[in-house]
Every structure is written in C-alpha cells, then in structure tokens.
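# Remarks on the overall topology
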Amino acid sequence: MTERQLQPLLHELVGVVLAPTSALGDAAGQIRPTGVQGVFHADARVLSRAELRVDDREPEGLTRGPAGPHGVRFVGLARWLGDPGADPTVRVERLRRVSPGGLTEELRIVSTASTPVRATVSVALGCDLAPIEVVKTGGATEPLEAKTGQPGQLVWSAAGITVTVTAEGATVDATGARATAPRLSWPVDLPPRGQTVLRWGLAVEDPRAVVVCPPGEPAWSRATLRADDRRLVRLLDRSLDDLRGLRLAETGAPRDVFLGAGVPWFLTLFGRDSLWAARMMLPLGTDLAAGTLRVLARRQGTRVDPASGEAPGKILHELRRQEFAPGDGLRLPPAYYGTVDATMLWVNLLHDAWRWGLPADQVEPLLPHLDAALGWLAEHADADGDGLVEYVDTMGHGLANQGWKDSGDAVRFRDGTLAAPPIVLAEVQGYAHEAAVNGAALLDAFGRPGGERWREYAARLAGRFRAAFWVDGPYGPQPALALDRDKRPVDSLTSNIGHLLGTGLLTADEEAQVARLLATEALSGGYGLRTMSTDDAGFSPLSYHCGSVWTHDTAIVLANLARAGFRDAALGLADGLLGAAEAFDYRLPELYGGDDRELLGRPTPYPAACRPQAWAAAGAVLLLQAAAGLYPDVPGGTVRLAPLAGPELGAVAVERLTVAGAPVGVTVDRTGHATVTGLPAHLTVTAPTPARIPAQRPTPTDRPVQA
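Residues numbered from 1 in each chain as written. Predicted model: local features only at pLDDT ≥ 70, side-chain atom pairs only at ≥ 80, totals over all residues. Heavy atoms only, no water.

### Thoughts on the overall build of the chain
Looking only at helices and strands, one finds 15 helices and 37 strands in the chain. Here the chain holds 707 residues, and 62% of them are scored as buried. Considering only contacts in the chain between residues 6 or more positions apart, those separated by 24 or more positions represent 65%. For the chain, the exposed surface amounts to about 26,100 Å²; the carbon and sulfur share of it is 50%. Across the chain, the mean location of the 68 positive side-chain charges is 4 Å away from that of the 81 negative side-chain charges. (Helix = DSSP H or I, 4+ residues; strand = E, 2+ residues; numbered from the N terminus. Buried < 20%, exposed > 50% of the residue type's maximum accessible area, 1.4 Å probe, protein only. Contact = heavy atoms within 4.5 Å. Areas by Shrake-Rupley, 256 points an atom, 1.4 Å probe, with all protein chains shown as cover. Lys, Arg positive; Asp, Glu negative; His and termini not counted. Charge placed at Lys NZ, Arg CZ, Asp CG, Glu CD.)

So this is what it looks like as structure tokens:
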C-alpha cells in the first residue's frame, strides 16, 4: 500500500510574523525538523530546526505568551538543576522575535536556587531551503551542509538565498555528522540566585524575493476601544498586532503596502485576499486600500494568455517567485490570474475607499484601470454570452474553482454531487452587480462616460439572476450556490448567499428571506456561519469549504446583515465569532470546524488553517465597524449611524476611526444611542435605518416563502 503524502498540521504550532518572514514552532518553543515547523522567508524555509537543550536535555515547556506584535516568549523549566524539592528553581525563558529578513532569540537562564548552577546550553540548527510548496505537501527534504565563517557564525547558501546565523560567545560545532546539524553551545555558570542571557540571530539575503517588508510604521490608525464585552477589545488588539506583521510590499515599490494573505502558505500578494482585507480595514484609513489598488493595477492583465489565465483588465490572483506546484496536478505560474472575483472586488474597493474619503488625486490615476476592469467584465467574464459571470480552468492544471471557495469539491448539489464546469457562482453575480453600480458612480463623479451603460448592465444581471438562481429549499425559496455547465441550479444551502446582501442584486423581500436562511441552525448553529448547511449531503464539519466556519466569511456576512438592518441575525453571528476568538486566544484562524456549539463547548480547530491570516484578522475591524455602525459617504456629504452595539452586545466607545483623513470617535450606550465626534464640518449625520426583522426563524417544516 502506498503511503499518502499529507499536508502538515498547523493548529497546535505557535507562529510569529513580520512579513515576508515568519517562524512556526511547537508549544514549548522548539523548532523541530518535521512537518511545517521552521523559519520561512518569501516562499522558502530558511531554517528547519532550532532545538534548545540544557545539558543535552530539553527544558519542560510551561507556558508562552505574545511579546509585542512580532514576538513570543516561551517559559520552560530545568528541574534537574538547582535546589532539590518540589519547587522548580531554574527557569529557561526563550524570547523569539522576527525582524525584517531575520529572526533573533534571547535565551534567559534564571536561577532562584541557593546553590551555584553549572550547565551547558545548546541550540541544534538545520537548514533545507525547501520551497513552500514542498513543505505544504509534506514532501521529504534533506538538510544542507553549513559552512563556518567568523567565530560564532554559520552560513548556508543555495538557490540564490544566503542564510547566516550569528551567536555571540557561542562555540560552533559543524564538523563531521554535524555539518548538516550544527550546534551552538554556551557554558553557563550561575551564582546563587543568578541569571544570564544568551543570544543568537538569523539573517537572510534573498535578492530574488518578489515581496519585501515595507519601511516604517503602519499607515492605518490604531483604533482604541472600550466595550462592555471585553472579548471584542482583546480581539481587536490582537488582530491589529497580527495585521501589522502581515504588511508587505512588492520588491521595487516599497511604499505601496498591501497585506499578505496568511502564514505560512500564502505570505505574498493575493488579489482576492488582499482586496477583501483592505476593504475591511477602511474604518482605520484609506492608505492600505490605495496601496493595494495600485499594486494590483500595475499587474492588471493586458493580453489573453491561457497559460496564466491573464486577460485584458483582469486582476491578478497570486504572485510567487517561481511556479507553485503543491501537488494533485496543480501547477500555477509565478503570476497567476485564475480568479473570477478579484476584478470586481478591485472596483468595489476603489469605490468604497472613495466613499471613506480617498482623495480625488489618488482616485483619478486609477480610473483608466477602472475602465479596464469594467472592460474585462463586459468582454471576458461571460464566455457564453448568457448575461452571467462564469469561470472554467482552461489551463488544465490551474484552480478548478476560482471563487473564494476554491477547493476542487467546493461546488456541490444538495445530494453531494459535484457540479461540472463552467461554474456560475451566486456571490460572483452579486459582486458583478455591485461593481457595475459602483463603477457607474465613479464614472459619473469624475466626468467619464459609461455610467448609464453599467447601470443598465446591473439591471439586466439582476433580472437574469432572479430567473436562474432561486430554487425551493427546506426553508423556503433560496438562491442556489451556483449554476453548473448545463445551467442547472446547484441547490445546496451555503454561506455564499450572505455575500449577496448589500450588493443591490436582491429586492428588499429577497434580502429578508436570505437573512432568514442565514439565521437557521443549519447554517448558524456553530461558532459563526457554516460554509454549507448541515442538511446538505456534502456537509462535513471539517470540510475546507463544505461545512467549516471561515472567520472572514462570517465577518463579511454579519457586517452585511448589520448594514442592511437585520440586527438579530447579525448579533447571532457576532456572538459565535467572539466565542471562537476567546477559544483561539484572540488570534482567529483562517477557518475552524463547523460542529454544533454544544458538542465540545468550543470550536474544533481545522488542522491546516493559516494563523495569522489577513482577512481573518481584518474581520475584527469589520466587526468593530458593525458594532459602532459608522457608514460614511464622504463625496455625498453624509455619515449614517446604525450601531449593532446596544442592549445585546453592550456599550462600546471607539476612538481613532478615520473618515476623510480625520480621527473620529463613536460612542454607543447600552440602549443603542450613538454619538459621533470629530467628523469634518462638511459631513452630516443621518438618522439610522430601523432594524429589519425577518418574519420568523425558519425550521425544516416551514412552508416555502415567496421571495
């Protein structure tokens, strides 16, 4: 029997990041030569081993905690040293920090013993310079031989990358068998109640990297929050630290900052992920949005290229230094365009950033790219001319599914059958409708032609969607997940329908029905929004896209519900998300299991989820915006206040939100009354929209409700 090659598990590893460098180790702080443990830099593993020992014995792990936005401190014990008795008297602290293109460790040996302590501290190292896709597939790698340089120095070099380790005062052993497993060692001689600090560091030279750490501090505002529900405060603080570490820039353009998608597999430019994360971050300023828009505009498609999926006006999916081939026949070129939604999301980010106050002199240079993106929507997004946006992998070795649920089995009928491509996804039609309306608004505002054409496009698309997508389900009428090759509705009930809210594609009655569907136990009975309902045959709580809960998906849908006035449904999802945040130490993962809340009383980890991840962390800002209820339209001169905070969520007071470049504060008391301070004088606050309450919570025996 052939042994499977399995993707390494991630959920119990401890990560630190300052993109494009990250480190993953075990709960005790060891980095072992197994799985996905290691130090990574821009798609390569630059250190595969860093195992600490005291007298050739591993310290016993005790606890750990964050040490600033890019560090973690581990605490262990050396109980065989020091005074006899039950109380440990020799403590080993390991402070790991990631820096631009490197990593440092500080080893603090602390004795409270009444007698002297003598020991040898060592760190065994290894380097394989494995490409990230080899690590992702669990492929075997061999450690490289180290070369010794100056005293206390080790060097590895291959594939254009040079890795240097320097350890002050350490003895280096890299001879014989230790050439591939070199060791740093320090003698330690402590007086009673003494301590010492040992240090080593790693530096990477990687001139072929396509992404770099941007200079300076984050351009977005660091919002401060007081809230009755302290979970929201802790989630925001941890998420902002993680987002700080995920900032990236393209090599050669360090000022245009975007967010790398996630540690460890996707720490690079991803069109969809970077766009969604920047959109979620708009309450803290428009600079991140502007940088993301410019980076992707520079790589906007200019030609039809079946080998990469490129087409004129199309926005990039992902960028790598070389071909990405993680197995199962998937081979993606370094610049890959296999995404159906990023182009519309680019248009919608440009529009939303403008509404939040992106200055006209930053919008105007992007308008030719807006024209090109809308041109892709008109000329290339609808290959069969039926008025709907579809996709198919023409490469044969690209992504079979090209929406955000991009796993090969993500699009399933209610009976579990896989849909055959080309695929027409429900939420993509919503994004297209929104992009057409938003694009028209931008064209009108900046005196460019074409606005009426795109409003007419949106109206036709809404009619076509209404005729093709609505099906009868166990809870009444529902939008199908997709249409398959034969234009049959893929009739499973999924979270995708929540992305339709607020796009303008649905009528008011249809939005109310979608809100009812989203509130069912079948979709919302876990810690957030399940990607597929428990009633569908394809459901599995640990399926990547058919039953798990994705943080960003839940955050987007609850924000859409809150903005549309469906308060109860939004509050239910917010409670699930905050419960999950508490269970994951407020570093929400990419996704987690879709089990019922009652099963374990905490969410089940998805074993290969990225953490931290950009749109998961940015979901905290979107939740904050929904709680405060701040919805600006700077060009229109208005700000709408419609807070989710109040009687159920509790009071909130947030400072340093950003509208039109000005710092703004919002306070919501326990009754839901909101006040805003700091708005520019030309902006007027409008009355909140009354909450919209679906008629009843549906059950499987409810009669279908006409939409």
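### A word on the packing of helix H12 (residues 551–564) against helix H13 (residues 567–583)
Axis separation between H12 and H13 bottoms out at 8 Å; the angle between their running directions is 150°. Taken together, H12 and H13 sit at an angle that is classed as roughly antiparallel. Between H12 and H13 lies a crossing of left-handed hand. Counting all contacts with H12, which are made through Thr 551, Thr 554, Ala 555, Val 557, Leu 558, Leu 561 and Ala 562, the residues of H13 involved are Ala 569, Ala 570, Leu 573, Ala 574 and Leu 577. When grouped by side-chain class, the residues that make up the contact of H12 with H13 number ten nonpolar, two polar and no charged. (Axes fitted to C-alpha atoms, helices over the stretch in contact; angles between N-to-C directions. Parallel < 35°, antiparallel > 145°, perpendicular 65-115°, else oblique. Left-handed = near helix turned anticlockwise from the far one by under 90°. Nonpolar A, V, L, I, M, F, W, Y, C, P; charged D, E, K, R; others polar.)

### A word on the pairing of strand E4 (residues 44–47)
Pairing of strand E3 (residues 38–41) with E4, which is carried by three bridges, proceeds in the antiparallel orientation. If you follow His 41 over to E4, its bridge partner there is Ala 44. From the end of E3 to the start of E4, which pair antiparallel, there are two residues, and Ala 42 there has a positive phi angle of about 45°. (Pairing = 2+ DSSP bridges.)

### So, the packing of aromatic side chains
Across all of its chains, the model carries ten aromatic pairs by this definition. Relative to Tyr 431, the ring of Trp 276 lies with its centre 6.1 Å away and its plane at 70°, an arrangement referred to as edge-to-face. Of this pair, Trp 276 sits in helix H3 (residues 271–280) while Tyr 431 sits in helix H8 (residues 426–445), placing them 155 residues apart in sequence. According to the relative accessible area criterion, Trp 276 is buried, its value standing at 8%. A cation sits over an aromatic face here: Arg 320 above Phe 324, 4.0 Å from the ring centre. The ring of Tyr 527 is capped by Arg 597, whose NZ or CZ atom sits 5.3 Å from the centre of that ring. (Phe/Tyr/Trp six-rings, centres within 6.5 Å; stacked < 30°, edge-to-face > 60°. Lys NZ or Arg CZ within 6 Å of the ring centre and 35° of its normal.)

### Concerning unusual backbone geometry
Most peptide bonds adopt trans geometry, and most residues besides glycine take a negative phi value. The linkage connecting Ala 19 with the following residue, Pro 20, adopts the cis geometry, with an omega of 10°. In this fold, Pro 20 is placed in the loop between strand E1 (14–18) and strand E2 (21–25). Residue Pro 422 follows Pro 421 across a cis peptide bond; omega there is 0°. At Ala 42, a position not held by glycine, the phi torsion is positive, near 45°. Among the secondary structure elements, Ala 42 is positioned in the loop between E3 and E4. By relative accessible area, Ala 42 is classed as buried at 7%.

All we've got here are geometric facts, nothing functional implied.
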